[in-house]
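A look at the structure
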Amino acid sequence: IRNESHMRVTSIQLAMIDQPKEKNVDHALALIDQAPTSDLILLPEIWPCGFFSFDRYKDDSEAIDGPLVKAFKAAARNRNCHIFMGSMVEKDGQHLYNTSILLNSAGEIAARYRKIHLFGYQSEEITLLKPGTDVVVADTPWGKSGLSTCYDLRFPELYRRMIGAGATFFLVASAWPQVRLEAWRLFNRCRAHENLAFLISCNCAGANQGKMYAGHSMIVDPMGQVLAEGAAEEQLVTAEIDPNQVDAARQEFPALEDRTLS
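Read on for a plain summary of the structure. Not measured: the values here are computed from a predicted model.

**Concerning the overall build of the protein**
A count of helices and strands for the protein gives 7 helices and 15 strands. Computed over its C-alpha atoms, the radius of gyration of the protein comes to 17 Å, within 12% of the 18 Å expected for a compact globule of 262 residues. Referenced to the eigenvectors of the C-alpha coordinate spread, the extents of the protein come out at roughly 50 × 45 × 35 Å. A separation of at least 24 residues holds for 68% of the contacts in the protein among residues at least 6 apart in sequence. Charged side chains in the protein number 26 positive and 33 negative. The centres of these two groups are separated by 4 Å.

What follows is the structure, given as structure tokens:
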């Protein structure tokens, strides 16, 4: 019997394959249909073409009101759940952005986040895309949710800014590579526990342009305990969580009140 105060979250840990965008979109939508009844479903970073497919960024880019977002708006309405679409290459005028979108259960855009920290190490993201500038925290039925993307995990000041804006949840879309798996697992738990917040991440699986992804999408509670973690392959990572646990943790261990630097 499901506790009415709890919520079900599901990360769709997509396996990247070097194939046309349309096939990736169809596959992602099919997995949403297969997901258990959830309040929130998440997808990873730049999954429509694959993060390392830098030569496809421009051709596969779309505006926010394009067919990709429209398809997922319909999916959110059909499933009656929030969908964190992960990120896409957003075209806005002459610029391209790594943009994550949160849709509500009515199929409306609840928030848009343009990745602030672009990756330059063995990556063309930083040369092809324009960085975002805004810290984004969205109002959701389970609390305020801060949005972030992959490399952002290495910058704890961003998460402190989100806490300052009232965040109790962090949603992370990622394309983290397998070679840095242990750093991924560390940062997921650190960002959750140091901020006494839930962190729900969705990482890519599979390989893209010869680079393996780490998988291991995670659902971490405010005390840094891992409630669910994926393996390396494509799978649905799901857990039932109690949003009230954030307030309870912050009252029991009020470390955030002892901050002296801002």
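The discussion continues.
**Brief notes about the packing of aromatic side chains**
A full pass over the atoms with the stated rule returns 14 aromatic pairs. Residues Trp176 and Phe187 carry aromatic rings whose centres are separated by 6.1 Å and whose planes lie at 65° to one another, so their mutual orientation is edge-to-face. In this pair, Trp176 sits in the loop between β9 (169–174) and α6 (181–194) while Phe187 sits in helix α6, placing the two residues 11 residues apart along the sequence. Over the ring of Tyr97 we find Arg114, and its NZ or CZ is 3.7 Å from the ring centre. Over the face of the ring belonging to Phe52 we find Lys211, whose NZ or CZ atom lies 5.5 Å from the ring centre.

**Some remarks on helix α7 (residues 245–252)**
Those residues of α7 not exposed but buried are Val246, Ala249 and Arg250. Down the axis of α7, the buried set is contained in an arc of 95°. They therefore lie on one face. Those residues of α7 that are exposed and angled more than 90 degrees off the buried face are Gln251 and Glu252. Buried residues along α7 sit in contact with α5 (156–164) and β10 (198–203).

**Here we look at the nonpolar core**
Nonpolar side chains tend to gather and get buried jointly when the protein is soluble and globular. Leu40 and Ile200 are the most contacted members of the largest nonpolar core, which has 46 residues in total. Setting aside residues up to four positions removed in sequence, Leu40 forms contacts with Met7, Arg8, Val9, Thr10, His82, Phe84, Leu102, Trp142, Leu171 and Ile200.

**Focus on the side chain of Gln19**
Relative to the elements of secondary structure, Gln19 occurs in the loop between β2 (15–16) and α1 (21–34). By relative accessible area, which is 18% here, Gln19 ends up buried. Within the structure, Gln19 has its side chain in polar contact with the side chain of Asn24 (distance 2.8 Å). Filtering out sequence-adjacent residues up to four positions away, Gln19 remains in contact with Asn24 and Arg56.

**Quick word on the pattern of salt bridges**
If you walk through the whole model with that rule in mind, you get 12 salt bridges. Between Glu90 and Arg114 there is a salt bridge, and its shortest N-O distance comes to 2.9 Å. Residue Glu90 is found in strand β4 (residues 82–92), and its partner Arg114 is found in strand β6 (residues 109–114); the two are separated by 24 residues along the sequence. The pair formed by Glu90 and Arg114 is uniform in burial state, with each residue classed as buried. The partner of Glu229 in a salt bridge is Arg185, and the shortest N-O contact between them spans 2.8 Å. Pair noted here: Glu229 is in strand β14 (residues 226–229) and Arg185 is in helix α6, with a separation of 44 residues, a long-range link. The class for Glu229 is partly exposed, based on a relative accessible area of 27%. In the salt-bridge network here, residues are joined through shared partners; they are Glu90, Asp92, Arg112 and Arg114.

**Brief notes about the layout of surface pockets**
The computed volume of the largest pocket comes to approximately 160 Å³. Taken together, Glu4, Ser5, His6, Met7, Asp39, Asn80, Cys81, His82, Ser105, Pro141, Trp142 and Pro243 make up the lining of the largest pocket. Among the residues forming the lining of the largest pocket, the class breakdown is 5 nonpolar, 5 polar and 2 charged.

Reading the values: rules and limits
- Residues numbered from 1 in each chain as written.
- Predicted model: local features only at pLDDT ≥ 70, side-chain atom pairs only at ≥ 80, totals over all residues.
- Heavy atoms only, no water.
- Helix = DSSP H or I, 4+ residues; strand = E, 2+ residues; numbered from the N terminus.
- Rg over C-alpha atoms; globule rule 2.2 N^0.38 Å.
- Contact = heavy atoms within 4.5 Å.
- Lys, Arg positive; Asp, Glu negative; His and termini not counted.
- Charge placed at Lys NZ, Arg CZ, Asp CG, Glu CD.
- Phe/Tyr/Trp six-rings, centres within 6.5 Å; stacked < 30°, edge-to-face > 60°.
- Lys NZ or Arg CZ within 6 Å of the ring centre and 35° of its normal.
- Buried < 20%, exposed > 50% of the residue type's maximum accessible area, 1.4 Å probe, protein only.
- Arc of directions from axis to C-beta.
- Core = buried A, V, L, I, M, F, W, Y, C linked by side-chain atoms within 4.5 Å.
- Polar contact = N/O pair within 3.5 Å; in protein donor to acceptor, adjacent residues only side chain to side chain.
- Salt bridge = Lys/Arg side-chain N within 4 Å of Asp/Glu carboxyl O.
- 1 Å grid on protein atoms, 1.4 Å probe; cavity = no way out; pocket = protein on both sides within 12 Å on 5 of 7 lines; lining within 4 Å.
- Points joined across faces, edges and corners; volume = space filled by probe spheres on them.
- Nonpolar A, V, L, I, M, F, W, Y, C, P; charged D, E, K, R; others polar.

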